[in-house]
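Close look at the chain arrangement
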Amino acid sequence: MPLYFVETAVSEQKKLLCQWAERLYGEGRRVQIVVDSTPSARFIDEMLWTFAQGSFVPHAVFSPGKEGGQDEPVLITVEQKRIEDRDTLLCDTPASIEFMLLFDTAVHFVLRDDPARREQSRSFWQKARESGARPIHVPYEHTA
């Protein structure tokens with residue numbers, strides 16, 4: 001399974017996450033975005049509506065047991081619990097390798113200007129290789 005390690009700056013990560021969501025949605029993928037809190041879920045929800053003029057990414061914040069919106073191609077979740085019909089994972093927050101391996105494709109953001117998170121990503125790369133995942137490095141590109 002491909003596991004993308006995408007380099008970005010802290011200030012650009014959320015926008016880049018939205019761009020990846022748009023691209024993956026355009027490829028027909030069923031995407032799950034995992035975040036660390038309800039406020040983060042709301043923030044990503046809002047960004048997916050506003051990050052680029054003319055962009056449209058059908059999405060919803062997943063609420064277990066709630067009707068409506070749960071069939072959207074892109075779902076935002078607070079928990080590291082795989083939604084059954086999702087094949088692709090975007091991580092707004094660090095996720096366990098075990099969780100990421102449940103998907104056909106996963107994206108981990110390497111925050112190049114956050115030394116602690118960058119070091120965490122290095123360790124994560126090793127775990128990914130040891131687990132049989134196919135880590136793919138995506139170098140930094142300024143998104144402006």
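These figures come from a predicted structure and were not determined experimentally. (Residues numbered from 1 in each chain as written. Predicted model: local features only at pLDDT ≥ 70, side-chain atom pairs only at ≥ 80, totals over all residues. Heavy atoms only, no water.)

1. Overview of the side chain of R86
Convention followed: Helix and strand definitions here come from DSSP, where helices need a minimum of 4 consecutive H or I residues and strands a minimum of 2 consecutive E residues; each element is numbered from the N-terminal end. In protein, a polar contact requires one atom able to donate a hydrogen and another able to accept it; more generally it is a pair of N or O atoms within 3.5 Å, and residues adjacent in sequence count only if both atoms are side-chain atoms. Throughout, a residue-residue contact means that at least one pair of heavy atoms, one from each residue, lies within 4.5 Å.
Among the secondary structure elements, R86 is positioned in the loop between β4 (74-77) and β5 (88-91). Separated by 2.7 Å, the side chain of R86 and the backbone oxygen of P73 make a polar contact. Ignoring anything within four residues of it in the chain, the contact list for R86 reads R30, V31, Q32, Q70, D71, E72, P73, V74, L75 and F103.

2. Some words on the environment of V57
Looking at where V57 falls in the secondary structure, it is placed in the loop between α2 (38-50) and β3 (59-61). Remark: the alpha-carbon pair of V57 and W20, spanning 37 residues in sequence, is separated by 11 Å. Those residues in contact with V57 that lie beyond four places of it in its chain are A21, E22, Y25, L48, F51 and V74.

3. Some thoughts on helix α4 (residues 115-130)
Note the cut-off: Any helix carries an expected span of 1.5 Å times its number of residues minus one. Using a 1.4 Å probe on the protein chains alone, a residue whose accessible area is under 20% of its type maximum counts as buried, one over 50% counts as exposed, and one in between counts as partly exposed. Think of it as the arc spanned by the lines of direction from the helix axis to the C-beta atoms.
An ideal rise of 1.5 Å per residue puts 22 Å on 16 residues; α4 measures up with 23 Å between its terminal C-alpha atoms. Along α4, the positions that sit buried rather than exposed are R117, S121, F124 and A128. All buried residues of α4 lie within an arc of 65° about the axis, which places them on one face of the element. For α4, the exposed residues lying more than 90 degrees away from the buried face are P115, A116, R129 and E130. Among the structural elements, β1 (2-8), α3 (97-100) and β6 (105-111) are those in contact with the buried residues of α4. Downstream of α4 by a residue or two, G132 has a phi angle that is positive, lying close to 95°.

4. Description of the sheet that holds strand β2 (residues 31-34)
Under the convention used in this document: Strands pair, by our definition, only if DSSP identifies at least two bridges between them. Fitted lines through C-alpha atoms give the axes, limited to the stretch in contact for helices. The angle between two N-to-C directions lies from 0 to 180 degrees.
Within the open sheet, the seven strands sit side by side as β3-β4-β2-β5-β6-β1-β7. Their pairing is parallel. Each end of this open sheet is capped by a strand with a single partner; those strands are β3 and β7 (134-138). Averaged over all adjacent pairs, the angle separating strand axes in this sheet is 20°, with direction ignored. Across four bridges, β2 lies against β5 in parallel orientation. Across the sheet, Q32 pairs through a bridge with L89, a residue of β5. Across the sheet, helix α1 (residues 13-26) is in contact with β1, β2, β4, β5, β6 and β7; its angle to β5 comes to roughly 170°. Against the sheet, α4 contacts β1, β6 and β7, and its axis sits at roughly 150° relative to β6.

5. Comments concerning the pairing of β1
The buried fraction of β1 amounts to six of the seven residues, a majority that puts the element mostly inside the structure. In terms of strand pairing, β1 meets β7 through five bridges, oriented parallel. Paired with V6 across the bridge in β7 is V138. The pairing of β1 with β6 spans six bridges and is parallel. In the sheet register, Y4 faces β6, and the bridge partner there is V107.

6. Thoughts on the pattern of salt bridges
As a reminder, the rule being used: Within this document, salt bridges are pairs made up of a side-chain nitrogen of Lys or Arg and a carboxyl oxygen of Asp or Glu, the two lying within 4 Å of each other.
Enumeration according to the criterion identifies seven salt bridges in this entry. For the salt bridge of R23 with E27, the shortest nitrogen-to-oxygen distance reads 3.4 Å. On the basis of relative accessibility, which here comes to 39%, the residue R23 falls in the partly exposed class. Salt-bridge contacts for R122 lead to E119; the nearest nitrogen and oxygen are separated by 3.1 Å. With a gap of three residues between them, R122 and E119 both fall in helix α4, about one helical turn apart. Classification of E119 as partly exposed rests on a relative accessible area of 42%. Among the ionic contacts, a cluster of salt bridges with common partners joins R30, D85 and R86.

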